[in-house]
Amino acid sequence: MKRCFTLVLLALSLMLLTTACGTEQEAFQLVVCGPYLDEAAVTEYGDTLVPEDSSWEEEQNLSFEVMALSMGSEKLDPMIYSTSVMKLTVMSAAGDIDLWISDLENAASFGRNGAFCDLSQLCTEEELAPYTQRLITFQLTDEEGNLLEEETPPCGIELTSMEQFSDIYGDKPCGVFISSTSFHTETAKEALLSIAAGEAL
C-alpha cells in the first residue's frame, strides 16, 4: 500500500510538471549588442517596447526578453570581444535570438555569414517602402577579408538617426535585424517594423 501511494504521488508530480512545462511561454529574445553599451539605456528602451500594461506577451503567447551585450573592441579587448562573438554565434545557431539591434560594424561580420533574414523575401514592398533609404546591405568579402563588389540582400533597417538609439550607441551607426534562425519569424518581422517606426510592440 505504501509503495502504491508513493507511485501515485510520483505520477501526480510528473503530471503537474508536464502541465507546468506545457503552459510556460516561450521566450522572444531581442539581443542588443555593440562595443560599449549603456546597459541602463538598453533596459529602459526594452521597457518602452513592451510596457507593463502591454498585452503583447499574452497575444503572442511569448515572453519578451532583452539581453544587452557589451562586446568590447577587437583591438582593445580581444578576449572579451572573441568571447562575445562566440556567445552570439552559439545563441544564433541554437535559434535563441529572434531580433538583433547592433552597431553596423559588428552586424556586418554576422550579416556576411548569413545570420540575418533577407528582408526583401520576408516583407512586402509596401512594408519596406517607408525605409527604402534606411535599408542595410553589407559588402561581401573574400577569404582574406578584402571587399568584393557583391553585396548581401537587404537584411536590416538603420536606426542611427533615432534618439533612443543615440542614448545606447552614441554616434555609432546601428540597425535592427531579424535572426535567420528565429523560430518566430513573423512576430520578429512585425517587431522589426515597429522598432524601425519608433513604436512600441
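As shown above, the structure is provided for reference.
Below or above, wherever it landed, is the structure these notes cover. It should be emphasised that the depicted structure is a prediction, and the values quoted were computed from it without experimental measurement. (Residues numbered from 1 in each chain as written. Predicted model: local features only at pLDDT ≥ 70, side-chain atom pairs only at ≥ 80, totals over all residues. Heavy atoms only, no water.)

### Brief notes about the side chain of Thr152
Line of reasoning, step 1. Considering the arrangement of structural elements, one finds Thr152 in the loop between strand S6 (147-151) and strand S7 (156-158).
Line of reasoning, step 2. The class for Thr152 is buried, based on a relative accessible area of 9%.
Line of reasoning, step 3. What Thr152 contacts, discounting residues up to four positions off in sequence, is Gly111, Arg112, Thr137, Phe138 and Leu140. (Helix = DSSP H or I, 4+ residues; strand = E, 2+ residues; numbered from the N terminus. Buried < 20%, exposed > 50% of the residue type's maximum accessible area, 1.4 Å probe, protein only. Contact = heavy atoms within 4.5 Å.)

### Re the sheet that holds S7
Line of reasoning, step 1. Strands sit in the order S2-S1-S3-S8-S7-S4 across an open sheet of six strands; the sheet is mixed. For this open sheet the edge positions go to strand S2 (62-70) and strand S4 (135-136), each flanked by a neighbour on one side alone.
Line of reasoning, step 2. As paired elements, S7 and strand S8 (residues 174-178) share three bridges and run antiparallel to each other. Opposite Glu158, over in S8, you have Gly175 as the bridge partner.
Line of reasoning, step 3. Its contacts with the sheet put helix H2 (residues 39-49) on strand S1 (26-34), S2 and strand S3 (99-103), and the angle it makes with S2 is roughly 160°. (Pairing = 2+ DSSP bridges. Axes fitted to C-alpha atoms, helices over the stretch in contact; angles between N-to-C directions.)

### Regarding the environment of Leu192
Line of reasoning, step 1. Note on placement: Leu192 falls in helix H9 (residues 185-196).
Line of reasoning, step 2. Using a relative accessible area of 0% as the deciding quantity, one classes Leu192 as buried.
Line of reasoning, step 3. Residues Leu192 and Ile101, spaced 91 residues apart in sequence, show a C-alpha to C-alpha distance of 9.5 Å.

### Here's the deal with the pairing of S6
Line of reasoning, step 1. Little of S6 is tucked away, with zero of its five residues classed as buried.
Line of reasoning, step 2. Judged from the two bridges that link them, strand S5 (residues 139-141) and S6 form a sheet pairing that is antiparallel. Bridged to Thr141 within S6 is Leu147.
Line of reasoning, step 3. What sits between the antiparallel neighbours S5 and S6 is a turn of five residues, in which Gly145 has the positive phi angle 90°.

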